[in-house]
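Now for the letters of each chain:
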Number of protein chains: 2
Amino acid sequence: MAETTTRPRVAVLTAPGEGRPPGLEALEPEAALQIAETAEQLATALREADILLVTDFRTGLLREAWPAARHLRWVHAASAGVDALCFPELVDSDIPLTNARGVFDAPIAEYALGLMLAFAKDLPATLEHQRKRRWFHRDNERLAGKRLLVVGAGSIGRAIGRLAKVVGMAVEGVASTSRPGDADFPTIHGVDGLATALANADYVVAAAPLTARTRGLFGTETFAAMKPGARFINVGRGPVVQTDALVAALHDGRLAGAALDVFEMEPLPEEHPLWAMPQVIVSPHMAGDVHGWREALGAQFVANFRRWRAGEPLENVVDKSRMTTG
Amino acid sequence: MAETTTRPRVAVLTAPGEGRPPGLEALEPEAALQIAETAEQLATALREADILLVTDFRTGLLREAWPAARHLRWVHAASAGVDALCFPELVDSDIPLTNARGVFDAPIAEYALGLMLAFAKDLPATLEHQRKRRWFHRDNERLAGKRLLVVGAGSIGRAIGRLAKVVGMAVEGVASTSRPGDADFPTIHGVDGLATALANADYVVAAAPLTARTRGLFGTETFAAMKPGARFINVGRGPVVQTDALVAALHDGRLAGAALDVFEMEPLPEEHPLWAMPQVIVSPHMAGDVHGWREALGAQFVANFRRWRAGEPLENVVDKSRMTTG
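Computed from a prediction, not measured in an experiment: that's the story for all the values here. (Residues numbered from 1 in each chain as written. Chains lettered and ligands numbered in written order. Predicted model: local features only at pLDDT ≥ 70, side-chain atom pairs only at ≥ 80, totals over all residues. Heavy atoms only, no water.)

Student: It is not clear to me how the nonpolar core should be interpreted in this structure. Could you clarify?
Tutor: Within soluble globular proteins, side chains that are nonpolar generally end up buried alongside one another. Ranked by internal contacts, the top residues of the largest apolar core, which has 114 residues, are Ile160(A) and Ile160(B). When near neighbours in sequence (up to four residues on either side) are disregarded, Ile160(B) contacts Ile108(B), Ala109(B), Ala112(B), Leu148(B), Val150(B), Val205(B), Ala207(B) and Val235(B). (Core = buried A, V, L, I, M, F, W, Y, C linked by side-chain atoms within 4.5 Å. Buried < 20%, exposed > 50% of the residue type's maximum accessible area, 1.4 Å probe, protein only. Contact = heavy atoms within 4.5 Å.)

Written out as structure tokens, the structure reads:
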């Protein structure tokens, strides 16, 4: 069993009942996987683990078990957002954190484009008329020529911008700080210039990471700064939006519509008013989840694992300095 | 009033109560417009008319009044499809027929893309779950990489193909006869090769004109030739599809979905089974009707009128030899 001892130990925090995530079969000869679904299993697995792979984001569980992680040399989050891992002991440590950058980019971009076209072509109303067997012609809208502001200039935001551009939209981006435009965004506003940037946008898509800076970014004042009749789409992180302020902006007609794939509380509670608003599209955090996404996440970890073992630099290392926990 | 007599007389066949179509105000100094909403008005207007502009398609009315049209030198259809004008007296005459080619291309392409994305992202089911306040995550599909077959290689079909291509779909076309591929369609099948072409397509969009050759083109055998699980979209002309065969292909699961903007009978009768099929999207012949479409049709006629008056060649002359009336 000498070989076993040389295999890196990988603790895998998964959701209860999930078992070994798909795509990790290939690792069995190269790594000792220890699946952890409970607090006890996690504490045990972390004691010896070289690597932690997180596919479930019960932050409390991980933070509690964290002191056991004495040998940990790498944490990988099988997700685009890493906010759930944003506790000081991890953020302040020297342990590199990587994420699933890339896997969800193009799927979420397609999803956002689908939502914009659904608004432009009034598809939800068409389906409601269909349900009532009503033939009711309306004029609809072009999407080409409309202005899109993408809030979040990471890989997902950029994929959204690129796709919107090829269908003829005029696209600008918002990043943490303003910077020169590039191939994806001819103009990149800083978040401090958000209100100004919002004033001209027909569509606003939020695809920003959740940080201390973006939490609650879309509140009463932000929505008031939007162009009357604009549509707001959130495919990023729920708590970036102050939901009550959004509901109010929709009620008073400032916004013509909103499509939300993520929420401050998920699942969205059954009694929440958003479900029943005709100008709102509610989807259950599925924008990036195209068939095979779990396997793609597994394959991405396997590829990074092999880099790590070969002493090569890890891909998709998160800049933890931006994960302020305040 | 000498000037008046030199103004060309334009008979305008419009729907009852519609009045002068928008965008024709500019013509008043240059042409004598005579709006016709009834059979009598049409017969009167046609007696002296140099030009007939048709914005309403009550074929019987026009064919009946046709013998009065002794001075007619040009007929313009303010629509993409000209099938309603396809009666022998007009087709066999030397009078040029023009249409609204171009006006609806990009709007319909966006509409078709929106429908394909709605299928790929399972948007109708999402809206149905929303209506029931159900949080129900599903995996969805990529659109990029999927194969699209566009049936109809006119300007609308080409606009659909171009838009699908820029979002990453693999696109082929079907025209009346097979021909070398071009910038829009790398492969163009003839309609006699339709069954073969259908076998590989994940999405099939019908955007063909209604002719003797395309009437009922999509019937039992055609649907049987489609790839299992494919989606069918009709944004062209309703009678290109044998609706009963489509309903059967949906019922037996051969097709995973259909989105129909046009129907054999419009409005779609209230009792028709299509309304209630969950995998079907019914819309009321509005795919191309973006805000301003009536004005755009008017402006297009005005521009062609000025060409005609200046002795320049008319634009968008329809090849009447392909309007077989059999």
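Student: For this particular structure, what's the right way to read helix α6 (residues 123–131) of chain B?
Tutor: Helical periodicity: at 3.6 residues per turn, an α-helix aligns residues three or four positions apart in one direction. Here α6(B) has its buried residues at Leu123(B), Pro124(B), Thr126(B), Leu127(B), His129(B) and Gln130(B). One or two positions beyond α6(B), positive phi appears at Arg133(B), with a value near 55°. (Helix = DSSP H or I, 4+ residues; strand = E, 2+ residues; numbered from the N terminus.)

Student: How should the packing of aromatic side chains be read in this particular structure?
Tutor: Working definition: an aromatic ring pair is given by the centre-to-centre distance plus the angle between the planes. For the structure shown, the criterion picks out 20 aromatic pairs over all chains. With 5.3 Å between their ring centres and 25° between their planes, Trp74(B) and Phe301(B) make a pair best called stacked. Residue Trp74(B) is found in strand β4 (residues 74–77), and its partner Phe301(B) is found in helix α11 (residues 293–309); the two are separated by 227 residues along the sequence. The two residues Trp74(B) and Phe301(B) agree in class, both being buried. One aromatic cluster is present, built from ring pairs that chain together Trp74(A), Phe301(A), Phe305(A) and Trp308(A). (Phe/Tyr/Trp six-rings, centres within 6.5 Å; stacked < 30°, edge-to-face > 60°.)

Student: So what exactly am I meant to see when it comes to the pattern of salt bridges here?
Tutor: When the charged atoms of two side chains lie near each other, side chains of opposite charge can form a pair. Counted by the stated rule, this structure contains 36 salt bridges over all chains. A salt bridge links Arg158(B) to Asp182(B), with the nearest nitrogen and oxygen atoms 2.8 Å apart. Of this pair, Arg158(B) sits in helix α7 (residues 155–166) while Asp182(B) is found in the loop between β7 (170–175) and β8 (188–190), placing the two residues 24 residues apart along the sequence. Bridged by salt links that share partners, the residues Arg158(A), Arg162(A), Asp182(A) and Asp184(A) form one connected network. (Salt bridge = Lys/Arg side-chain N within 4 Å of Asp/Glu carboxyl O.)

Student: What's the story with the interface of chain B and chain A in this structure? I'm lost.
Tutor: Listed per partner, the contact involves 56 residues of chain B and 57 residues of chain A. For the pair chain B and chain A, the summed buried surface comes to about 4800 Å²; carbon and sulfur atoms form 62% of the total. A per-residue breakdown of the area chain B buries against chain A is headed by Arg133(B), Trp135(B) and Trp275(B), which together make up 18% of the total. The interface formed by chain B and chain A holds six salt bridges in total. A salt bridge links Glu110(B) to Lys121(A); the shortest N-O distance between them is 2.9 Å. Taken together, the elements giving at least two residues each to the side of chain B that touches chain A come down to α5 (105–120), α6, α7, β12 (280–282) and α11 of chain B. Take the side of chain B that touches chain A: its biggest share by element is nine residues, from α5(B). Looking at the side of chain B that touches chain A residue by residue, the class counts come to 32 nonpolar, nine polar and 15 charged. (Buried area = accessible area lost by both parts, 1.4 Å probe. Nonpolar A, V, L, I, M, F, W, Y, C, P; charged D, E, K, R; others polar.)

Student: Please clarify how the side chain of Gln300(A) should be interpreted in this entry.
Tutor: All names here are of chain A. Its place among the elements puts Gln-300 in helix α11 (residues 293–309). In this structure the side chain of Gln-300 is engaged in a polar contact, spanning 2.9 Å, whose partner is the backbone oxygen of Arg-101. In this structure Gln-300 touches His-76, Asn-99, Ala-100, Arg-101, Val-103 and Asn-316, once residues within four positions along its chain are discounted. (Polar contact = N/O pair within 3.5 Å; in protein donor to acceptor, adjacent residues only side chain to side chain.)

Student: What should I look at first to understand the pairing of strand β1 (residues 9–13) of chain A in this one?
Tutor: In summary, the side chains of a regular strand alternate between the two faces of the sheet. All names here are of chain A. The buried fraction of β1 is high, at four of five residues. Both β1 and strand β2 (residues 32–36) contribute to a ladder of five bridges, which runs parallel. What sits directly across from Val-12, in β2, is Ile-35. Bridge analysis of β1 against strand β3 (residues 51–54) gives four bridges, and the strand direction is parallel. The residue bridging Val-12 from the neighbouring strand is Leu-53, located in β3. (Pairing = 2+ DSSP bridges.)

Student: Could you clarify how one ought to interpret the packing of α5(B) against α7(B) in this entry?
Tutor: In a pair of packed helices, the angle between the axes and the distance between the axes together describe the arrangement. Residue and element names in this part refer to chain B. For the pair α5 and α7, interaxial distance at closest approach is 8 Å and the crossing angle is 50°. Classified by the interaxial angle, the pair formed by α5 and α7 is oblique. α7 is crossed by α5, and the crossing has right-handed handedness. Each of Asp-105, Ala-106, Ile-108, Ala-109, Glu-110, Ala-112, Leu-113 and Met-116 in α5 lies in contact with α7, whose residues at this interface are Ser-155, Ile-156, Ala-159, Ile-160, Leu-163 and Ala-164. Looking at side-chain class alone, the contact of α5 with α7 contains 11 nonpolar, one polar and two charged residues. (Axes fitted to C-alpha atoms, helices over the stretch in contact; angles between N-to-C directions. Parallel < 35°, antiparallel > 145°, perpendicular 65-115°, else oblique. Left-handed = near helix turned anticlockwise from the far one by under 90°.)

Student: Would you mind going over the relation of the copies chain B and chain A with me for this structure?
Tutor: Both copies of the chain are related by a screw-like operation: a rotation about an axis and a shift along it. The two copies are related by a screw motion: chain B maps onto chain A through a turn of 180° and a shift of 0.0 Å along the axis, at an RMSD of 0.0 Å. Taken together, these values place the two copies in the relation of a two-fold axis. Taken as a fraction of all interface residues of chain B, those also at the interface in chain A reach 100%, which identifies the copy contact as same-surface. (Least-squares fit on C-alpha atoms with pLDDT ≥ 70 in both.)

Student: Honestly, the sheet that holds strand β7 (residues 170–175) of chain A in this entry has me stumped. Any pointers?
Tutor: Through backbone hydrogen bonds, the strands of a sheet pair up, either in parallel or in antiparallel fashion. All names here are of chain A. Strand order in the open sheet formed by seven strands is β8-β7-β6-β9-β10-β11-β12, with parallel pairing between adjacent strands. Edge positions in the open sheet fall to β8 (188–190) and β12 (280–282), since each of these has one partner strand only. The average angle at which neighbouring strand axes cross in this sheet is 15°, direction not considered. As defined by bridge partners, β7 adjoins β8 across three bridges and the pair is classed as parallel. The residue of β8 that forms the bridge with Val-174 is His-189. Strands β10 (230–234), β11 (255–260) and β12 of the sheet are contacted by helix α10 (residues 243–251), whose axis makes an angle of about 140° with β11.

Student: Could you clarify how one ought to interpret the sheet that holds strand β6 (residues 147–151) of chain B in this entry?
Tutor: All names here are of chain B. The strand order β8-β7-β6-β9-β10-β11-β12 describes an open sheet built from seven strands, whose pairing is parallel. The open sheet terminates on both sides in strands that have one partner only, identified here as β8 and β12. Direction aside, neighbouring strands of the sheet carry axes that sit 15° apart on average. In the packing of α5 onto the sheet, contacts are made with β6, β9 (203–206), β10 (230–234), β11 (255–260) and β12, and the angle to β10 comes to roughly 150°. This element, helix α10 (residues 243–251), spans β10, β11 and β12 of the sheet and lies at about 140° to β11.

Student: Looking at this structure, I do not really get the side chain of Asn99(B). What am I missing?
Tutor: Residue and element names in this part refer to chain B. Note on placement: Asn-99 falls in the loop between β5 (97–98) and α5. Using a relative accessible area of 11% as the deciding quantity, one classes Asn-99 as buried. A polar contact is formed between the side chain of Asn-99 and the backbone oxygen of Ala-80, at a distance of 3.0 Å. When neighbours within four sequence positions are excluded, Asn-99 is seen to be in contact with His-76, Ala-77, Ser-79, Ala-80, Val-82, Gln-300, Asn-316 and Val-318.

Student: Quick question: what am I supposed to make of the packing of helix α5 (residues 105–120) of chain A against α5(B) here?
Tutor: Running from amino to carboxyl end, α5(A) crosses α5(B) at an angle of 125°, the nearest separation of the two axes being 9 Å. The angle between α5(A) and α5(B) falls in the class oblique. Between α5(A) and α5(B) the crossing geometry is left-handed. The segment α5(A) lies against α5(B), with Glu110(A), Leu113(A), Gly114(A) and Leu117(A) engaging Glu110(B), Leu113(B), Gly114(B) and Leu117(B). Looking at the contact of α5(A) with α5(B) residue by residue, the classes come out as four nonpolar, two polar and two charged.

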